[in-house]
Amino acid sequence: MYDFDYQRPTDAKAATAAFQGDARYLAGGQSLVQAMRLRLSSNARLVDLGAIPALRGIHAGGGSVTVGAMTPHAAVAASPEVRQAIPALAQLAGWIGDPSVRNMGTLGGSIANADPAADYPAALLALGATVQTDRRTIPAEQFFTGLYGTALLPGELVTAVSFPVPQAAGYEKYRNPASRFALVGVFVAKTAAGVRVAVTGAKSHVFRSAELEAALAASFTPEAAKAVRLPVAGMNADLHASPEYRAAMVSVMASRAVAASLAR
Amino acid sequence: MTDLSQPPVSPIGQPLRRREDARFLTGAGQYTDDVVLPGQSYGVFVRSPYAHARIQSIDTSSAKAAPGVLAIFTGADLADAKVGGLPCGWLIHSQDGSPMKEPPHPVLAQGKVRHVGDQLALVVAETLLQAKDAAELVAVDYEELPAVVDVATAAGAASAVHDDVPGNVCYDWSHGDKAAVDAAFARATRVTKLEFANNRLIPNAIEPRAANAQYTRHDDSYTLWVSNQNPHVERLLMTAFVLGLPESRVRVIAPDVGGGFGSKIFLYPEETALVWASKRVGRPIKWTAERSESFLTDAHGRDHVTTAELAMNEQGDFLAMRVKTTANMGAYLSTFASSVPTILYATLLAGQYRTPAIHAQVTAVFTNTAPVDAYRGAGRPEATYVVERLVETAARDLGMSPVDIRRRNFITEFPYATPVGLTYDTGNYAAHLDRALELADVAGFAARRDKSKAAGKLRGLGYSCYIEACGLAPSNIAGALGARAGLFEAGEVRVHPTGTVTVFTGSHSHGQGHETTFAQVVAARLGIPVENVEIVHGDTGRVPFGMGTYGSRSLSVGGTAIVKAVDKVIAKGRKIAAHLLEAADSDIEFENGEFKVAGTDRKIPFGQVALTAYVPHNYPLDKLEPGLNENAFYDPTNFTYPAGSYVCEVEVDPETGRTRVDRFTAVDDFGNIVNPMIVQGQVHGGIAQGLGQAMLEGARYDPESGQLLTGSYMDYCMPRADDLPSYQVDHTVTPCTHNPLGVKGCGEAGAIGSPPAFINALTDALGVRDIAMPATPERVWRAVNR
Amino acid sequence: MNVPISLTVNGKAVEASVDRRTLLVQLLREQLRLTGTHVGCDTAQCGACTVHLDGRAVKSCSMLALQAQGRAVTTIEGLAPAGELHPMQAAFRECHGLQCGFCTPGMVMASVQLLADNPNATEDDIRCGLEGNLCRCTGYHNIVRAVQACQSGQVGSTTV
């Protein structure tokens, strides 16, 4: 990899102050360190967030669960608070990568990277979560803007994500057999404001499916989801799946997510 | 305290735990990348980003000035030094009698680059990071050329991979009796025909290729550490054919090797360049492939397209088989490449059956892709796929049970001379088929299928009755078929004065457990404890000669060489014992580790004879040299013919197309078995690779640009623990008739037999005639929704 | 440019000076000469580099050495005292859960974590729990059996 200057602050304020020039925050490193190894990513300065305990932790209360940005996926998956309040979120976290990756990879790192096949974006968008940064809050609808694109400004530091507790929720992931990323991942949430369905892995970034939301609003059943024929336009085409197959699998995963939410 | 009243239990047939494991489990293995030599420098290769391009110029000036750089070499430097090209070890002739095309295979590309990853410069620097940084400064001016990518359309394509091979055909070979086959097809009332590909695979041993080359001025010699399956072959090819050095000046050490599966047999450009450069740089040079580099440059496997036909009568007797195959050689001929789709393929098209007439025609083509060569099974998986897919499909065409059609056509009398050149020495195909049917609970399949159906799933059952030729090989037969080398094996048995034994074997262990199984063989034959036998392999400085490990040959050929050396030790021991016991040589028997005078209880243990050989005070010095150290070379008289019956049962989720292997049953006849635990492990690993081929894996290149699309584990689907079931494995035994151990070899069987079993099961589940490998969920889903 | 780092490896305090770009696996293999941890890929999928960081399994090729500053790393060499085998190591030998040995250190470290997190893991749990570790030799059958043997305490001898 290319050389860089390295900072390891112990609090968030020092972290944002250290973000100078061509810099990047280093969270768990499960995406960034790999990209750097392959010489696909390079910045003049890395600001390592790993020594900031205040950025880790899970708090439940007041109708939502708040997860610190540097909380590893394994902690979210194992958290009694998350399992009790939003079990689908714990399940999603437990399906990211593999066990070793889950011990290092973080919520903040995942959403800031906004890989089109990452799992967390589907949860944020379906649950109507709010991203907290060092300077403002950003609703999920505004956070994910495009392929690897987010609304974060340069140097803006994600500090936590607040997930409103839904009435019911389910997540189903169709794993890419090679990479184990989401070939398609569907998060279904029944909230006070209605049904929300967020899809990851299928297009250039996470999106809400109007067709599935309408069908499930009329009948919150697996059959209703399965019957939806999503438009193929915009669906990813790659070695592993054609747009037609992806579109079909969105409906299948949605129906299974609905079944999971009903089974709880 | 050993109970001397009981005869010792022979270690043959015992599942002894492996001696190798102590170091592997505690992190004390020594793999090539673990070696760091004093004064170590590091090598990085500059590689082509294009599939096909003319090299207009290479400017190394900025790179040479980069920090820490010791030297940079290009193809021009090697040409100036008269370094030769990499040789191909097997000469195939086309139907018109002309020899195969052998375009130059340069160590560093000259004039053109011919696949993405083709190396054209070696950068040597003090540290790896410095070498990498400098490699990026090497400026190459390429003129991009159209790439020839697809095996099916390479022959006759406008663009030539090699300028002196217009049309890209390496050879056009045939085997068998075309006239007899044509006549049989003309008469036949039933013909089953299939067209399919055998998908291209990337071996992906978990240890990437690595080398570390050191030149020593003191005696003008070289030492090469390399992750390789056959150090003596590596040395011979490199010194005699490429670098023009005497073999004795190069020591090749293949230490612990993290898997090979064929991909580490071949002489590669990297270690060759390192050895050559190490003298010029005057420092040892170390290179380890990054995984993405391995993807581009390790020899790939398989990559055939085939049209195959089976002619039958109405009762299902096989009358003839006709096969036409186009096989990919890749951009350059790798060491064994030409033999894989010919000698190792067409000669197995009889399978387990009495088909009287068989003909195969194979066209081998060059493409702008990585070289293609042997990968676990090497030609025999391709042949078995042809035969077992035809046979199962023929059964369906005729409305016959796939078991009955096989039984009807089994070879039952041995030795059996097939119409494709091989003579099977022995076998009992019905025995393993019967056992497989029982172990797989085929009788219960119908009920399981109904249960799956009630749950909305599809279930299918498929068979594969494979045979292979291994124990490579009788040298005279191999030579007649085009081999440029001998395929014997060598072993030296050194008895120490204190009665322990060190065996130097030309075989190489890279997972097969030879340190344990060979010790079992020697200990059994000498009647000494297994702990007293040490097996040494992998170092040309310690082992006099060998041809290495591949083709399931180590126990049958390497083991037999060792047995012959042991028998020479025993023969000499008899003479020593006769002298000590004051008897005639012919009155001495050797049993359970003791030399006895026949018909008496006068005896001497092996250990005492060993000590006497080295302290020859009471010794027939007038007739016999002191010492007890023998070697043997063994050239087998035939191939060996492991065979088996596999049954695969799958369950398909029609909503997604995802297929689960519900159970996989393998019953193999490997002849006698020395260590059943190790044999089963080989079968497990082979099945995983075969199911990987059938369900998950496939190397893909962009058809226009020739870029490798599956260039990492992100896109090339390796089988993981949750992709596979546990296996049900058993064996039957018909001992090999032509080696003293009666063994046939077992390393490749799992990968050979399993792909057609899976596809037969899947097509049964889906009710379709054929489906391509890998049968990805989308392919299955489309078949379900057709 | 080199920067100082201090951490604990296999129970011993380590002070070193590393190029900032050094991966944890490179620190272990090259500077500390603990070559039991292996590198098998460049996309963090093969798991041959798995070690424990503060008791949790991590892929040492996917982190900078500097990320381990002040923390405790255990490698395969430190899993058991010299001359002894951890029950998981003993189980792998007993069940022939390794062939070429290259994936083995990472596989053992991952398996130890797997049973620590889920002592009642089923066969499915074990197979899923090992999805971050590739083996090309064994077909996984005996690896699963080894983990199950360790689970049930039937591991054979724990002497090297």
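Here the structure is shown first, and the text comes after it.
Throughout what follows, the structure given in this document is the object of discussion. (Residues numbered from 1 in each chain as written. Chains lettered and ligands numbered in written order. Predicted model: local features only at pLDDT ≥ 70, side-chain atom pairs only at ≥ 80, totals over all residues. Heavy atoms only, no water.)

**Here's the deal with the overall build of chain C**
We count it as follows: Numbering of helices and strands runs from the N terminus, with a helix taken as a DSSP run of H or I at least four residues long and a strand as a DSSP run of E at least two residues long. Within these notes, the globule rule equals 2.2 Å times the number of residues to the 0.38 power, and the radius of gyration is based on C-alpha atoms. For every residue, the accessible area obtained with a 1.4 Å probe (protein chains only) is divided by the maximum for its type, and the residue is called buried under 20%, exposed over 50%, and partly exposed between those limits. Accessible surface area values rest on a Shrake-Rupley calculation with a 1.4 Å probe, where residue burial reflects the displayed protein chains alone. For the purpose of charge, His is not counted, nor are the chain termini; Lys and Arg are scored as positive and Asp and Glu as negative. Charge positions are represented by NZ for Lys, CZ for Arg, CG for Asp and CD for Glu.
Secondary structure summary: chain C contains five helices and five strands in total. Shown N-terminal to C-terminal, the secondary structure of chain C runs as helices and strands in the order β-β-α-β-β-β-α-α-α-α. Against the compact-globule benchmark of 15 Å for 160 residues, chain C has a radius of gyration of 16 Å, which places it among compact chains. The C-alpha extent of chain C, read off along each of the three principal axes, is 50 × 30 × 25 Å. A burial count over chain C gives 66% of its 160 residues as buried. Surface exposure of chain C reaches about 5,000 Å², of which carbon and sulfur atoms provide 48%. Considering chain C, the positive charge centre built from 12 side chains and the negative charge centre built from 13 side chains are found 5 Å apart.

**Some points on the overall build of chain B**
To be explicit about the condition: For this analysis, residues touch if any pair of their heavy atoms sits within 4.5 Å.
Helix and strand counts for chain B stand at 19 helices and 28 strands. The C-alpha atoms of chain B give 27 Å as radius of gyration, which agrees with the globular expectation for 786 residues (28 Å, within 12%). The principal-axis extents of the C-alpha atoms in chain B amount to approximately 85 × 75 × 50 Å. Classification of the 786 residues of chain B by burial places 64% in the buried group. Sequence-distant contacts, at least 24 apart, represent 80% of the contacts inside chain B between residues at least 6 apart. For chain B, the computed accessible surface area is about 26,000 Å², with 51% contributed by carbon and sulfur atoms. Both charge centroids of chain B, one from 70 positive and one from 88 negative side chains, sit 2 Å from each other.

**Regarding the sheet that holds strand 14 (residues 318–330) of chain B**
Residues and elements named next belong to chain B. To be explicit about the condition: Only when DSSP finds a minimum of two bridges between them are two strands counted as paired. Orientation is described by lines fitted to C-alpha atoms, with helices fitted over the stretch in contact, and by angles between N-to-C directions that extend from 0 to 180 degrees.
Read from one edge to the other, the open sheet built from five strands follows the order 7-15-14-13-8, with strand pairing classed as mixed. Edge strands, defined here as strands with exactly one partner in the open sheet, are strand 7 (169–176) and strand 8 (190–198). Adjacent strand axes in the sheet meet at a mean angle of 10 degrees, parallel and antiparallel pairs treated alike. Looking at chain direction, strand 7 and strand 15 (residues 357–366) are connected through seven bridges and run antiparallel. For Val169, the partnering residue across the bridge sits in strand 15 and is Val365. Contacts between helix 9 (residues 380–398) and the sheet are confined to strand 8, strand 13 (304–312) and strand 14, with strand 8 contributing the most and set at about 140 degrees to the helix.

**Considering the interface of chain A and chain C**
Note: interface size is frequently given as the accessible area lost on complex formation between the parts. Counted only if it meets this: Summed over both partners, the accessible area (1.4 Å probe) lost when two parts come together is defined as the buried area. Just to be clear on terms, a salt bridge is a Lys or Arg side-chain nitrogen sitting within 4 Å of an Asp or Glu carboxyl oxygen. Polar contact criterion, stated in full: a pair of N or O atoms within 3.5 Å, where within protein one must be able to donate a hydrogen and the other to accept it, and residues adjacent in sequence count only if both atoms are side-chain atoms.
In this complex, chain A contributes 31 residues to the contact, which on the side of chain C involves 28 residues. Across the chain A/chain C interface, buried area totals approximately 2,400 Å², and carbon plus sulfur atoms make up 51% of it. Across the pair Arg180 of chain A and Glu131 of chain C runs a salt bridge, and its minimum N-O distance is 2.6 Å. At the surface where chain A touches chain C, the tally comes to 14 residue pairs in polar contact (both at pLDDT 80 or more). Every element with two or more residues in the side of chain A that touches chain C is listed here: strand 1 (5–7), helix 2 (32–37), strand 3 (45–48) and helix 6 (99–104) of chain A.

**Brief notes about empty space enclosed by the protein**
Over the atoms rolls a probe the size of a water molecule, and its path tells where empty space is left. Residue and element names in this part refer to chain B. Filter applied, for reference: Both cavities and pockets are sets of points on a 1 Å grid over the protein atoms alone; in a cavity a 1.4 Å probe fits but cannot get out, in a pocket the set is open with protein on both sides within 12 Å along at least five of seven lines, and lining residues sit with an atom within 4 Å of a point. Grid points are joined across faces, edges and corners, and a volume is the space filled by probe spheres set on the points. Side-chain classes are defined by residue name, with Ala, Val, Leu, Ile, Met, Phe, Trp, Tyr, Cys and Pro counting as nonpolar, Asp, Glu, Lys and Arg as charged, and the others, Gly among them, as polar.
Per the counting criterion, the structure on display carries 15 cavities of 30 Å³ or more. In this structure, the largest cavity encloses a volume near 660 Å³. Surrounding the largest cavity, 47 residues form its lining, Gln512, Thr549, Ser552, Gln682 and Gly747 being those nearest its centre. For the lining of the largest cavity, the secondary-structure elements that each account for two or more residues are helix 14 (514–526), helix 15 (554–580) and helix 17 (676–696). For the lining of the largest cavity, the per-class residue count stands at 21 nonpolar, 21 polar and five charged. Computed from the structure, the second largest cavity encloses a volume of approximately 160 Å³. Residue composition of the lining of the second largest cavity, grouped by class: eleven nonpolar, six polar and three charged.

**Here's the deal with the interface of chain B and chain C**
Each partner contributes to the interface: chain B provides 54 residues, whereas chain C provides 46 residues. A buried area of about 4,200 Å², summed over both sides, lies between chain B and chain C, and 56% of it is on carbon and sulfur atoms. Of all residues in chain B, Leu25, Ile206 and Ala721 of chain B bury the most surface against chain C, accounting for 17% of the area lost on that side. Residues Glu94 of chain C and Arg17 of chain B are paired through a salt bridge, measuring 2.9 Å at the closest nitrogen-oxygen approach.

**As for the sheet that holds strand 28 (residues 727–732) of chain B**
Residue and element names in this part refer to chain B. Here four strands make up an open sheet; going across it, the order is 18-26-27-28 and the pairing mixed. Both edges of this open sheet fall to strand 18 (458–467) and strand 28, since each of them pairs with a single strand only. Taking the axes of each pair of neighbouring strands and ignoring which way they run, one obtains an average angle of 15 degrees across the sheet. Of the strand pairs in this sheet, strand 27 (residues 658–669) and strand 28 are connected by six bridges, and their pairing is parallel. Pairing of Thr665 across the sheet is with Gln728, part of strand 28.

**So, helix 19 (residues 777–784) of chain B**
Looking at helix 19 of chain B, one finds that the buried residues are Pro777, Glu778, Val780, Trp781 and Ala783 of chain B. For helix 19 of chain B, the secondary structure elements touched by its buried residues are strand 11 (168–175) and helix 12 (243–263) of chain A together with strand 26 (643–653), strand 27 and helix 18 (749–766) of chain B.

**Thoughts on the packing of aromatic side chains**
Residues and elements named next belong to chain B. Using the following cut-off: Here the aromatic set is Phe, Tyr and Trp, taking the six-membered ring for Trp, and pairing holds for ring centres within 6.5 Å; pairs whose planes are under 30 degrees apart are stacked, those over 60 apart are edge-to-face, and all others are tilted.
In the structure shown here, the tally under the stated rule is 30 aromatic pairs over all chains. Taken together, a centroid distance of 5.2 Å and an interplanar angle of 75 degrees make the contact between Tyr50 and Tyr142 edge-to-face. Of this pair, Tyr50 sits in the loop between strand 1 (41–47) and strand 2 (53–59) while Tyr142 sits in strand 6 (residues 139–144), and the two are 92 residues apart along the sequence. Residue class for Tyr50 comes out partly exposed when judged on its relative accessible area of 29%. Accessibility expressed as a relative area gives 17% for Tyr142, which makes it buried.

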